[in-house]
Structure formats: C-alpha cells, structure tokens
Amino acid sequence: MNGQQRLRVAFLGSGEFGVPTLEALGAAHDVVLVISQPDRPAGRGRRSAATPISARVLEDQSPADGLFAKTALVRTDDVNAPAVLSQIADLQIEAMVVIAFGQKLGATLLDGRFAVNLHASLLPRWRGAAPINRAMMAGDLETGVSVISLAERMDAGEVHAMRSTPIDPAETAGELHDRLARLGVEPVLEVLDRWRDRLVKSVTQDELAATPAAKLSKSEATVDFAAPSSLVRGQIHGLVPWPGCQVEAVSPDGRSQVLRIHRVQEMAESIGGSPGAVSAGGVVGCETGSVRLLEVQVPGGRAMPWEDLQRGRPFPDGTMLRPRSAGTSA
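About the criteria used
Residues numbered from 1 in each chain as written. Predicted model: local features only at pLDDT ≥ 70, side-chain atom pairs only at ≥ 80, totals over all residues. Heavy atoms only, no water. Helix = DSSP H or I, 4+ residues; strand = E, 2+ residues; numbered from the N terminus. Polar contact = N/O pair within 3.5 Å; in protein donor to acceptor, adjacent residues only side chain to side chain. Contact = heavy atoms within 4.5 Å. Pairing = 2+ DSSP bridges. Axes fitted to C-alpha atoms, helices over the stretch in contact; angles between N-to-C directions. Parallel < 35°, antiparallel > 145°, perpendicular 65-115°, else oblique. Nonpolar A, V, L, I, M, F, W, Y, C, P; charged D, E, K, R; others polar.

Asks: Explain the side chain of arginine 127 residue by residue, including any values.
Replies: Checked against the element boundaries, arginine 127 lands in strand β8 (residues 127–128). Within the structure, the side chain of arginine 127 is placed 2.9 Å from the side chain of glutamine 205, a separation counted as a polar contact. For arginine 127, the side chain forms a polar contact with the side chain of glutamate 207, separated by 2.9 Å. When near neighbours in sequence (up to four residues on either side) are disregarded, arginine 127 contacts His119, Arg153, Met154, Asp155, Ala156, Gln205, Glu207, Ala210, Thr211, Pro212 and Ala213.

Asks: How would you sum up the pairing of strand β16 (residues 290–297)? Please name residues and give values.
Replies: Looking at chain direction, strand β13 (residues 256–267) and β16 are connected through seven bridges and run antiparallel. Bridge pairing in β16 places glutamate 266 opposite valine 291. Inspection of the sheet shows strand β15 (residues 283–285) paired to β16 by three bridges, in the antiparallel sense. Directly across from valine 284, in β16, lies its bridge partner valine 291. Here β16 runs beside strand β17 (residues 304–305); their pairing, made up of two bridges, is antiparallel. The residue of β17 that forms the bridge with valine 296 is methionine 304.

Asks: Run through the packing of helix α6 (residues 173–183) against helix α7 (residues 185–196), naming residues and quoting values.
Replies: It is at 4 Å that the axes of α6 and α7 come closest, and there the two elements cross at 25°. Taken together, the axes of α6 and α7 lie roughly parallel to each other. Residue-level inspection shows Ala181, Arg182 and Leu183 of α6 in contact with α7, the latter providing Val185, Glu186 and Pro187. For the contact of α6 with α7, the per-class residue count stands at four nonpolar, no polar and two charged.

If you want it as structure tokens, here you go:
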C-alpha cells in the first residue's frame with residue numbers, strides 16, 4: 001500500500017472464485033466484515049460444510065496475527081435483514097466487494113456505499129451464472145474478468161476495470177476458473193485505490209452486445225460430434241468438472257456403454273467416416289476436423305488416459321460415440 005490509507009472493507013462471497021481476492025484484500029486493506037452463505041450439507045455424508053469463503057476466514061481467526069483475526073464473519077441467507085444492515089452501519093464500512101455471493105443486495109444495503117462485483121467474463125458478453133463455461137462452449141478464443149458496479153439487472157453495472165486472457169485449448173472450465181480467480185485480484189485492488197483517491201472511472205455496457213450465460217444443467221452433460229472440432233472441444237472442456245460430459249459408446253457389434261470424457265485435443269485433420277466414429281489412437285471424427293481422446297472414464301472406474309483404458313477395457317475401431325441423455329454418471 002506504500003503508506004496509503006487502508007479502507008474499511010466488507011467482503012461478500014461464497015464460492016472459491018473469490019478466495020484469491022479476499023486474501024489480497026486482507027493484506028492491502030482492513031477487511032472488517034465478511035458475509036457468506038450459511039453452512040450447508042455437502043459430500044456423500046451430507047455433513048454441514050462452510051463455504052470456501054467462510055472456511056478461509058475461519059482458518060485465519062485462531063492465530064492472533066492471522067489475516068482475518070479481527071474480521072467479523074456473518075453466515076446468513078438474508079443479507080438484507082435488519083440485523084445485517086445494522087452491523088454494516090456499526091462497522092463503518094467504506095467499500096464493499098462482492099464475488100460469487102449468491103444473493104441479491106437490496107437498495108438499502110447499497111445506498112451511499114461504494115460496492116463492486118468481480119465477474120468472470122468480458123462484459124457485456126456472458127452475463128449470468130455460468131460465464132466461464134459458456135465462453136468455452138461457444139468456442140470463444142478469449143475471456144477475462146470485469147470489475148463492475150452493482151445494478152438492478154444482473155451483471156449490467158458500469159464497468160470500472162477489465163483484464164483479458166486467451167482461452168488455452170488444453171484447459172478445462174475448472175482450470176480456467178482458477179486462473180480467472182487469480183487474474184481478478186489486481187483489477188479489484190486497482191479500482192478500490194482509484195475510488196479512495198477519487199479517480200474512479202467507469203464505462204457503460206453496450207446493451208446490444210449483451211449475451212446471457214445461463215446456469216448449467218445436467219441435461220447439457222453430453223456432446224454431439226456432428227459439429228466442428230473446435231466446438232466439440234469447447235463443449236467437452238466447458239462441462240468439466242460439472243456436470244461433466246458423457247456419451248454413449250456403441251461398438252460395431254451393437255454393445256453399448258457409458259463413456260465420460262474429461263479432456264481432448266483438437267486436431268485440424270479430418271479422419272473420414274461419420275462424426276463420432278473412433279479410430280486408432282482414440283481419434284474421433286467431427287463434422288470438420290477431429291479430436292483425440294486424452295482422458296476418459298467408464299462407470300465404476302477412475303479417470304485415466306485413453307491409452308490406459310484401451311489396455312484394460314479396449315474400445316474397438318469403429319466404435320461410435322453418440323450424445324447421451326442426462327441422469328447417468330460415470
């Protein structure tokens with residue numbers, strides 16, 4: 001901070017996406033309040049678990065010199081409740097940072113306060129719940145993060161800062177998620193510094209360029225190879241880790257089994273034959289081009305390289321991979 005004034009900041013978030021920024025805020029400013037969703041049942045045992053944000057705060061509250069030792073943690077399903085509003089007022093919050101929170105902030109909560117949100121896309125493209133996945137599934141070549149003001153309509157606020165990055169053809173949505181979470185740290189700190197110094201600037205989003213990023217559903221957990229290889233690769237990687245990508249593998253003799261695809265390599269060459277046909281080396285034909293199966297999984301097994309699966313449970317040449325209905329997991 002170079003001796004500059006530390007702001008009294010409230011952080012509102014629940015998901016893993018906000019953890020890098022929360023940690024950076026704790027070092028640069030005084031995070032006096034963190035608000036997150038309540039603990040909820042999770043995992044096979046359905047035991048109560050804290051959100052990643054709550055867990056990170058609790059981790060540093062025991063040591064006296066912990067990053068969040070003096071931070072108040074509120075876990076609530078109603079951030080606009082009078083008790084929460086009162087606590088925010090009592091703590092004399094100067095700025096609020098909202099990342100993957102999961103609740104809408106009311107007008108009373110926002111009134112007279114500087115509040116920004118970190119969103120995982122280059123707005124106005126991909127407004128909504130699944131911007132990372134939708135960017136990959138649409139075959140976008142780049143994406144990024146936007147720091148915006150909060151608005152009545154989802155992700156429609158003024159843009160204060162952006163950072164862009166190419167989408168690596170080899171990465172999955174989960175890996176891109178983690179990379180964008182780190183990319184978002186610097187612009188959030190930059191915007192807070194500019195606001196403190198009364199230099200904040202913003203740009204209005206172009207509504208004509210807005211595109212929706214609808215929440216993913218299990219019904220989308222498959223791929224049709226009757227598409228260009230770039231879109232096939234983007235669809236598969238955009239579904240990992242959730243809800244995953246499953247296809248039905250039908251051998252030449254008519255036997256069928258589920259195959260879960262975790263990672264592929266896009267190839268420009270076409271291999272001939274029908275889209276979805278598997279040839280030697282795990283190369284699958286597409287409408288144009290092809291993809292090579294790199295990491296796959298069968299029901300009851302673990303994820304493994306295609307070559308390892310072929311040694312144990314081989315798929316014969318000519319096996320067809322077809323879109324599979326939702327509901328079965330590998």
